[in-house]
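Below, each chain spelled out in residue letters.
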Amino acid sequence: MALTLNEKFLNGFVGSHEVESLATQTSDAFATVCNRSGAGSDFLGWVDLPVNYDKEEFARIKNAAERIKKMCDILVVIGIGGSYLGARAAIEFVTSPLYNTLAKDTPAVYFAGNSISASALQELLSICEGKDICVNVISKSGTTTEPAVTFRIFRELLEKKYGKDGARERIFATTDKARGTLKSFSDDMGYETFVVPDDVGGRYSVLTAVGLLPIACAGIDIDAMMQGAADAREKYSEKDPLKNDCLRYAAIRNIMYRKGKVTEILVAYEPAAQMLSEWWKQLYGESEGKDNRGLFPASVVFSTDLHSLGQYIQEGLRNQFETVIDIKTSPVSVKIPHDPANIDGLNFLAGTELHDVNRTAMLGTLLAHNDGGVPNVVLEVEDRSAYSFGYLVYFFELACAVSGYMLGVNPFNQPGVEAYKKNMFALLGKPGYEDMRAALEERMK
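Everything numeric in this text was worked out from a predicted model, so none of it was measured. (Residues numbered from 1 in each chain as written. Predicted model: local features only at pLDDT ≥ 70, side-chain atom pairs only at ≥ 80, totals over all residues. Heavy atoms only, no water.)

*Asks:* When you look at the nonpolar core in this model, what are you seeing that I'm missing?
*Replies:* In globular proteins that are soluble, nonpolar side chains generally tend to be buried together. Of all hydrophobic cores here, the largest spans 97 residues; its most connected members are Trp46, Trp279 and Phe396. The leading source of residues in this core is helix 14 (residues 386–407), at 15 residues. Leave out the neighbours within four places in its chain, and tryptophan 46 touches Val33, Asp199, Val200, Tyr204, Tyr394, Glu397, Leu398, Ala401 and Phe412. Residues Ile133, Val137, Leu158 and Met189 belong to the second largest nonpolar core, which totals 21 residues. (Core = buried A, V, L, I, M, F, W, Y, C linked by side-chain atoms within 4.5 Å. Buried < 20%, exposed > 50% of the residue type's maximum accessible area, 1.4 Å probe, protein only. Helix = DSSP H or I, 4+ residues; strand = E, 2+ residues; numbered from the N terminus. Contact = heavy atoms within 4.5 Å.)

*Asks:* Help me understand the state of the cysteines, please; the structure alone is not making it clear to me.
*Replies:* Where two cysteines share a covalent bond between their sulfur atoms, that bond is called a disulfide. Counting across every chain of the model gives one disulfide. The disulfide bridge from cysteine 72 ends at cysteine 134, spanning 2.0 Å between sulfur atoms. Taking the torsion about the S-S bond as the criterion, the cysteine 72 to cysteine 134 disulfide, at about 55 degrees, is right-handed. Of this pair, cysteine 72 sits in the loop between helix 3 (55–71) and strand 2 (74–78) while cysteine 134 sits in strand 4 (residues 133–138), and the two are 62 residues apart along the sequence. Summary of cysteine pairing: cysteine 128 is not part of a disulfide, and the nearest cysteine sulfur, belonging to cysteine 72, is at 10 Å. (Disulfide = S-S within 2.5 Å.)

*Asks:* It is not clear to me how the packing of aromatic side chains should be interpreted in this structure. Could you clarify?
*Replies:* Any pair of aromatic rings gets described here by the distance separating the centres and the angle formed by the planes. Across all of its chains, the model carries 22 aromatic pairs by this definition. Residues tryptophan 280 and phenylalanine 396 carry aromatic rings whose centres are separated by 6.5 Å and whose planes lie at 65 degrees to one another, so their mutual orientation is edge-to-face. Of the two residues, tryptophan 280 sits in helix 11 (residues 274–288) while phenylalanine 396 sits in helix 14, which places them 116 residues apart along the sequence. Of the residues examined, tryptophan 280 reaches a relative accessible area of 0% and is grouped as buried. Look at tyrosine 405 and phenylalanine 412: their rings are 6.1 Å apart centre to centre, the planes differ by 70 degrees, and that puts the pair in the edge-to-face class. According to the relative accessible area criterion, tyrosine 405 is buried, its value standing at 14%. Through a chain of ring-to-ring contacts, three or more aromatic side chains come together here, namely Tyr236, Tyr249, Trp279, Trp280, Tyr284, Tyr387, Tyr391, Phe395 and Phe396. The residue whose ring lies beneath lysine 55 is tyrosine 53, and the NZ or CZ to ring-centre distance is 4.2 Å. (Phe/Tyr/Trp six-rings, centres within 6.5 Å; stacked < 30°, edge-to-face > 60°. Lys NZ or Arg CZ within 6 Å of the ring centre and 35° of its normal.)

*Asks:* Just checking my understanding: could you explain the sheet that holds strand 5 (residues 171–175) for this structure?
*Replies:* Strand order in the open sheet formed by five strands is 3-2-4-5-6, and the pairing between neighbours is parallel. Across the chains shown, the open sheet's two edge strands, defined by having one partner strand only, are strand 3 (108–112) and strand 6 (192–195). This sheet shows a mean twist of 20 degrees between the axes of neighbouring strands, independent of strand direction. Together, strand 2, strand 4, strand 5 and strand 6 form the strand contacts of helix 3, whose direction differs from that of strand 6 by roughly 135 degrees. The sheet contacts of helix 6 (residues 145–168) involve strand 2, strand 3, strand 4 and strand 5, and relative to strand 4 the element is tilted by about 140 degrees. (Pairing = 2+ DSSP bridges. Axes fitted to C-alpha atoms, helices over the stretch in contact; angles between N-to-C directions.)

*Asks:* Help me understand helix 7 (residues 181–189) in this model?
*Replies:* Since the α-helix turns once every 3.6 residues, residues separated by three or four places project in the same direction. Among all positions in helix 7, only Leu182, Lys183, Ser186 and Met189 are buried. Taken around the axis of helix 7, the buried residues stretch over an arc of 140 degrees, which confines them to a single face. Where the residues of helix 7 are buried, they touch strand 4, helix 6, strand 5 and strand 6. Where helix 7 ends, the next residue or the one after it, glycine 190, has phi of about 85 degrees, a positive value. (Arc of directions from axis to C-beta.)

*Asks:* I would appreciate a short explanation of the pairing of strand 6 in the present structure.
*Replies:* Two faces belong to every sheet, and in a regular strand the side chains alternate between them. Looking at chain direction, strand 5 and strand 6 are connected through four bridges and run parallel. By the bridge assignment, alanine 173 is partnered in strand 6 with threonine 193. Where the polypeptide runs from strand 5 across helix 7 and back to strand 6, its parallel neighbour, the crossover connection is right-handed. (Right-handed = clockwise from strand over helix to strand, strands pointing away.)

*Asks:* What am I meant to see in the pairing of strand 10 (residues 376–381) here?
*Replies:* The buried fraction of strand 10 amounts to six of the six residues, a majority that puts the element mostly inside the structure. Residue alternation in strand 10 divides its side chains into two sets, Asn376, Val378 and Glu380 and Val377, Leu379 and Val381, and both sets are buried. Of the strand pairs in this sheet, strand 1 (residues 3–6) and strand 10 are connected by four bridges, and their pairing is antiparallel. Looking at the pairing, leucine 3 lines up with valine 381 of strand 10. Where strand 9 (residues 320–327) meets strand 10, six bridges bridge the pair, whose relative direction is parallel. Looking across to strand 10, one finds that threonine 323 is bridged to valine 377.

*Asks:* What should I look at first to understand the environment of methionine 256 in this one?
*Replies:* Locating methionine 256 in the fold gives a position in helix 10 (residues 245–258). A relative accessible area of 1% means that methionine 256 is categorised as buried. Ignoring sequence-local partners within four residues, the contact set of methionine 256 consists of Leu10, Val14, Lys261, Phe321 and Pro375.

*Asks:* How should I be thinking about the packing of helix 9 (residues 222–235) against helix 14 in this particular structure?
*Replies:* Each pair of packed helices can be summarised by the angle the axes make with each other and by the distance between the axes. At a minimum axis separation of 6 Å, helix 9 and helix 14 run at an interaxial angle of 40 degrees. The angle between helix 9 and helix 14 falls in the class oblique. The two elements helix 9 and helix 14 cross, and the hand of that crossing is right-handed. On the side of helix 9, the interface is formed by Ala224, Met225, Gln227, Gly228, Ala229, Asp231, Ala232, Arg233 and Lys235, while helix 14 contributes Ala386, Tyr387, Phe389, Gly390, Tyr391 and Tyr394. Its residues placed into classes, the contact of helix 9 with helix 14 shows nine nonpolar, three polar and three charged. (Parallel < 35°, antiparallel > 145°, perpendicular 65-115°, else oblique. Left-handed = near helix turned anticlockwise from the far one by under 90°. Nonpolar A, V, L, I, M, F, W, Y, C, P; charged D, E, K, R; others polar.)

*Asks:* Looking at this structure, I do not really get the pattern of salt bridges. What am I missing?
*Replies:* If charged atoms from side chains of opposite charge come close, those side chains can pair. Within this structure, the stated rule accounts for 21 salt bridges. Here arginine 88 and glutamate 92 are joined by a salt bridge, their closest N and O atoms 3.0 Å apart. With arginine 88 and glutamate 92 both in helix 4 (residues 85–94) and four residues apart, the pair spans about one turn of that helix. Owing to a relative accessible area of 29%, arginine 88 belongs among the partly exposed residues under this scheme. Several salt bridges share partner residues, and in doing so they unite Glu56, Arg60, Arg67 and Glu192 into one network. (Salt bridge = Lys/Arg side-chain N within 4 Å of Asp/Glu carboxyl O.)

Here is the structure:
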């Protein structure tokens, strides 16, 4: 089993009877997901995706990835939110957060279009100088400001460098199947296109072409990743939340929320999981944070953040709980050497695996935070393989949907995200926003 829920560090905070008391509500929320009978049910395509994906497109993804590997030093992935976080999380989790600087036979993968920073974009353009480049632009509509502006710049760069015909072979668009600005433009230009499914929202899309093309370009086994998700889907099909770790996690989160633990901190002990945490924060924050409800998703990487946020978690407001990702095995062996002078007093650790020291730090922290009044949920993950990543993604997605329905919100919309876009368009002078611009400028006087 790739993932196990460990509730040992919930003792004294959440009793088994409390999970049992929510069993009916948890089961009903799960049924709402399975039956597609709740709010946002048009966006539940991810539920069966691991076994019901487009096999022909999947083969095209692998074929395109092989071509990109052969002709490019750098793949620039242009997208924002769910259009880039899942792929970046997978690449860093399975390989390394230093993937781009490692010796490898696959292209470096850089992510752009997720901010409007001129300096960040210029730095990436500098990195691309003298390199062979491919671009994967990801946008359902093609009109989202951040990726659209970035795509303009990189499209111009590729056309100047390779000509329009050469650029055509190096630009890949992941977009709507049949409509939208980017789809129409890509068809006109002859770019190869992949599909953002109509029934899968951005934050749930990592196991679609949105995530799979960049992931495959990094040399990661996407077959194994999909198998991990498929096995998780099968494992968490059990309707009884008392026998289903995924549903238990959803129930525990709701119990915490009702007890005033309104902040959930995702904890990792591997820097390779930092972007997984960023993906998780979007998944839960955008799914649950509405109607003046929802847990606030935060994250830390220990032991690094024990020397900064650790103090607050230990002794700050008691409005939080932690969900710890415990990666049980390491892909490498690093032993602590013996020092004849023993200048640091650590010879008692000589010959010890560094990974074992890291997990011991985790256990010490779990005990300390429990003593400080912080409940901890532990998710034991076997390793950092592509299989485990797919398994973990499905676990979090299903738990998020169930938990959202238990909170009484639509887990699949994000109306609040549109507010800043409208204000920005108005202030930038987009046609049709004149009245709104005048009102906003008056407010800012």
